Amino acid sequence: MNLHEYQAKELFRKFGVPVPEGTACATVEEAVAAAEKMFSKGASLVVLKSQIHAGGRGKGTFKNGFQGGVQLCRSLGEVRDRVPKMLGQTLVTKQTGPEGRVVNRLLVESGSNVRKEFYLAVLLDRTVSRLIIMASTEGGMNIEEVAARTPEKILKETIDPGTGMMAYQGRKLAGRLGLKGELIQQAGKLMLGVERVYRECDASLVEINPLILAEGVDGAMRVIALDAKITLDDNALYRHPELQAMRDLAEEAPLEVEASKFNLNYIKLDGNIACMVNGAGLAMATMDIIQHYGGSPANFLDVGGGASKEQVEAAFKIILKDANVKGILVNIFGGIMQCDIIAQGVLAAVKGIGLKLPLVVRLEGTNGELGKKMIRESGLAVIPADSLADAAQKIVAAIKN
């Protein structure tokens, strides 16, 4: 589950990670009032940040023609002029696709006098099966590009799961980033806070890009998280009802939201052959082989290892809400899941929905022969398949014919 920037910064504050003063606003009046308060406190710059789950906001374009999902305002007049052009409008960035995302909130934030930008993240390194804290002097840039072009600028510290992150590791990273004196202590404390956010919130990623060295009105230098990105582990959300309440359904695809109600893992794609599979690895292999035989998958749909008849029926209904779907491939390997249960769900869905599209079913594993027999004797227009390759070839041919 992704959080908005303003939500991530709320968590940062809770764990002692310094962030700029800011307020999330849902109306023009709220945004203007928040900016007015900041200017009255002596701020020379107020930043308006569109809150959507996508990167590239600053370079994005609203469908009304207004340029930039992040705006720097030096007067209250500029705030009043720009907020209506952003709130409630659709912002298109390199990550949203051409449909864009509606901006329902703005983060109104006091501007910072940036002297230097860094990158910082806590994530799981699967090669060593441990958390790492990763930093770079190349803040504000795409970290994948930095890793590809100048890997020596990616700095890492591995975190021992028995002790958690140690204070010396933060100070060590801060020194390698070129910070001196008191700033090493500041940055080290901030890094410990970021690692706590990751661990105590059951995150899968905590990222700050950029982490900045900012000069305050008093001339003092401070290390501040100018941006914040947090992705939470869905499997651990049951432990965090307060975080689960932060979920923004408006930022998620409607069919994916519907699928989550039935504990189905669904991601819509651009093709026309729908897939219903148990297991993420098998689902990926199914999509690959459809592509190999000249087809195009319409979705990733994992019904899990123990799907019920009701979940299978729900999966069919979700699949058919995609107008691009021209055929369906069901590929089930029965381990915990029993193939006859899947067959019951498939047949019930075909009868209940009155399915007119080509449907190919491949069943293997626990009660596989029973499931195949049920399909063969159903009298319904369901095409059986003996292998994954056979199933892919049959659904591609059915679509073409």
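A short tour of the structure in this document, coming up. This is a predicted model, so every value here is computed, not measured. Numbers given for residues are sequential positions, taken from 1 along each chain in its written order. Where local features are concerned, this predicted model is filtered to residues with pLDDT of at least 70; where side-chain atom pairs are given and counted, the filter is 80 or more; whole-chain, interface and lining totals use all residues. Side-chain measures were taken over the full set of non-hydrogen atoms in the model, leaving aside hydrogen atoms and water.

**As for the overall build of the chain**
Right, so step 1: Looking only at helices and strands, the chain features 13 helices and 19 strands.
Right, so step 2: Across its three principal directions, the C-alpha atoms of the chain cover 80 × 50 × 40 Å.
Right, so step 3: Expressed as a percentage of the 401 residues in the chain, the buried residues total 48%.
Right, so step 4: Methods summary: accessible areas were calculated by the Shrake-Rupley approach with a probe of 1.4 Å, and residue burial reflects only the protein chains presented. Put simply, the chain shows about 18,900 Å² of open surface, and 51% of that area lies on carbon and sulfur atoms.
Right, so step 5: Neither His nor the chain ends contribute to the count of charged residues, in which Lys and Arg are positive and Asp and Glu negative. A charged residue contributes its charge at one atom only: NZ of Lys, CZ of Arg, CG of Asp or CD of Glu. If the 48 positive side-chain charges of the chain are averaged to one point and the 46 negative ones to another, these points end up 2 Å apart. Where helices and strands are cited, they refer to DSSP runs of H or I of at least four residues and of E of at least two residues respectively, numbered from the N terminus. Each residue is placed in one exposure class: buried if its accessible area under a 1.4 Å probe, protein chains only, is under 20% of its type's maximum, exposed if it is over 50%, and partly exposed if it falls in between.

**Regarding the layout of surface pockets**
Right, so step 1: Throughout, the protein atoms alone are placed on a 1 Å grid, and a set of points is a cavity if a 1.4 Å probe fits but cannot get out or a pocket if it is open with protein on both sides within 12 Å along at least five of seven lines; lining residues have an atom within 4 Å of a point. Grid points are joined across faces, edges and corners, and a volume is the space filled by probe spheres set on the points. Roughly 540 Å³ of volume is contained in the second largest pocket.
Right, so step 2: As for the second largest pocket, its lining consists of 21 residues, of which Ser110, Gly111, Ser112, Asn113 and Val217 are closest to the centre.
Right, so step 3: Those elements that place two or more of their residues in the lining of the second largest pocket are strand S11 (203–215) and strand S12 (221–225).
Right, so step 4: Under this grouping Gly is polar, as are all residues other than the nonpolar Ala, Val, Leu, Ile, Met, Phe, Trp, Tyr, Cys and Pro and the charged Asp, Glu, Lys and Arg. The class makeup of the residues in the lining of the second largest pocket is 9 nonpolar, 7 polar and 5 charged.

**Regarding unusual backbone geometry**
Right, so step 1: A cis amide bond links asparagine 209 to the next residue, proline 210, at an omega of 15°.
Right, so step 2: Phi at serine 129 takes a positive value of approximately 55°, unusual for a residue other than glycine.
Right, so step 3: At aspartate 202, a residue that is not glycine, the phi angle is positive and equals roughly 55°.
Right, so step 4: Here aspartate 202 lies in the loop between helix H6 (182–200) and S11.

**What about the side chain of serine 50?**
Right, so step 1: By secondary structure assignment, the location of serine 50 is in strand S2 (residues 46–50).
Right, so step 2: Its relative accessible area of 0% is what places serine 50 among the buried residues.
Right, so step 3: At 2.7 Å, the side chain of serine 50 and the backbone oxygen of glycine 69 are in polar contact.
Right, so step 4: Excluding residues that lie within four positions of it along the chain, serine 50 makes contacts with Arg57, Phe62, Gly69, Met86, Leu91, Val103, Arg105 and Leu106. N or O atoms within 3.5 Å of each other form a polar contact, as long as, within protein, one can give a hydrogen and the other can take it, and as long as residues adjacent in sequence are counted only when both atoms are side-chain atoms. Whether two residues are in contact is decided by their heavy atoms, any of which lying within 4.5 Å being enough.

**Examining the pattern of salt bridges**
Right, so step 1: Only one rule defines a salt bridge in this text: a Lys or Arg side-chain nitrogen within 4 Å of an Asp or Glu carboxyl oxygen. One pass over the full model with this rule turns up 23 salt bridges.
Right, so step 2: Notably, a salt bridge pairs glutamate 5 with lysine 9, separated by 2.7 Å at the nearest N-O pair. Of this pair, glutamate 5 and lysine 9 both sit in helix H1 (residues 5–14), 4 residues apart, roughly one helical turn. Taken as a pair, glutamate 5 and lysine 9 share a single burial class, namely buried.
Right, so step 3: Glutamate 364 serves as the salt-bridge partner of lysine 372, at 3.2 Å between the closest nitrogen and oxygen.

**What to know about the state of the cysteines**
Working definition: the covalent bond between the sulfur atoms of two cysteines is a disulfide.
Right, so step 1: By convention in this document, the label disulfide applies to cysteine sulfur atom pairs within 2.5 Å. Counted under the stated rule, the structure contains 0 disulfides.
Right, so step 2: Between cysteine 25, a cysteine without a disulfide, and cysteine 73, which holds the nearest cysteine sulfur, the sulfur-to-sulfur distance is 12 Å.
Right, so step 3: Note on cysteine 275: no disulfide assigned, nearest cysteine sulfur contributed by cysteine 339 at a separation of 17 Å.
Right, so step 4: Residue classification places cysteine 275 among the buried residues on the basis of a relative accessible area of 1%.

**Details of the sheet that holds S2**
Right, so step 1: When DSSP finds at least two bridges between two strands, those strands are taken to pair. On the basis of which strands lie adjacent, the open sheet formed by 4 strands has the order S1-S7-S2-S4 and antiparallel pairing. Strands with a single pairing partner mark the edges of an open sheet, and in this sheet they are strand S1 (22–25) and strand S4 (70–73). Within the sheet, the average angular offset between the axes of one strand and its neighbour, ignoring direction, is 20°.
Right, so step 2: The pairing of S2 with S4 spans 4 bridges and is antiparallel. Its bridge partner being in S4, lysine 49 is matched across the sheet by valine 70.
Right, so step 3: Packing against the sheet, H1 makes contact with S1, S2 and strand S7 (106–110), and its axis sits at approximately 50° to S7.
Right, so step 4: Angles here are taken between N-to-C directions and fall from 0 to 180 degrees, while the axes themselves are lines fitted to C-alpha atoms, restricted in helices to the stretch in contact. Lying on the sheet, helix H2 (residues 28–40) is in contact with S1, S2, S4 and S7; it crosses S1 at an angle near 165°.

**What to know about the nonpolar core**
What tends to happen in soluble globular proteins is that the nonpolar side chains get buried as a cluster.
Right, so step 1: Formed by 42 residues in total, the largest nonpolar core has its most connected members in Phe12, Leu120, Met191, Ile230 and Leu232.
Right, so step 2: With sequence-adjacent residues up to four places away left out, isoleucine 230 is seen in contact with Met1, Asn2, Leu3, Ala8, Leu11, Phe12, Val197, Ala203, Leu205 and Val206. To define a nonpolar core, start from buried Ala, Val, Leu, Ile, Met, Phe, Trp, Tyr and Cys residues and group those joined through side-chain atoms within 4.5 Å.

**With respect to the environment of histidine 292**
Right, so step 1: Relative to the helices and strands, histidine 292 resides in helix H9 (residues 280–292).
Right, so step 2: Look at histidine 292 and you get exposed, because its relative accessible area is 60%.
Right, so step 3: Between the C-alpha atom of histidine 292 and that of threonine 150, which follows or precedes it by 142 residues, the distance is 36 Å.

**Some details on the packing of H9 against helix H13 (residues 388–400)**
Right, so step 1: Where H9 meets H13, the axes come as close as 9 Å, and the angle between the chain directions of the two elements is 50°. Classified by the angle between their axes, H9 and H13 sit oblique to one another. The interaxial crossing formed by H9 with H13 has right-handed handedness. Contacts between H9 and H13 involve Ala285, Thr286, Ile289 and Ile290 on the former and, on the latter, Leu388, Ala389, Ala392 and Val396.
Right, so step 2: Class assignment for the residues of the contact of H9 with H13 results in 7 nonpolar, 1 polar and no charged. Should an angle lie under 35 degrees it is considered roughly parallel, over 145 roughly antiparallel, and from 65 to 115 roughly perpendicular; all remaining angles are considered oblique. The sense of a crossing depends on the near helix, which, turned anticlockwise from the far helix by less than a right angle, makes the crossing left-handed and, turned clockwise, makes it right-handed.

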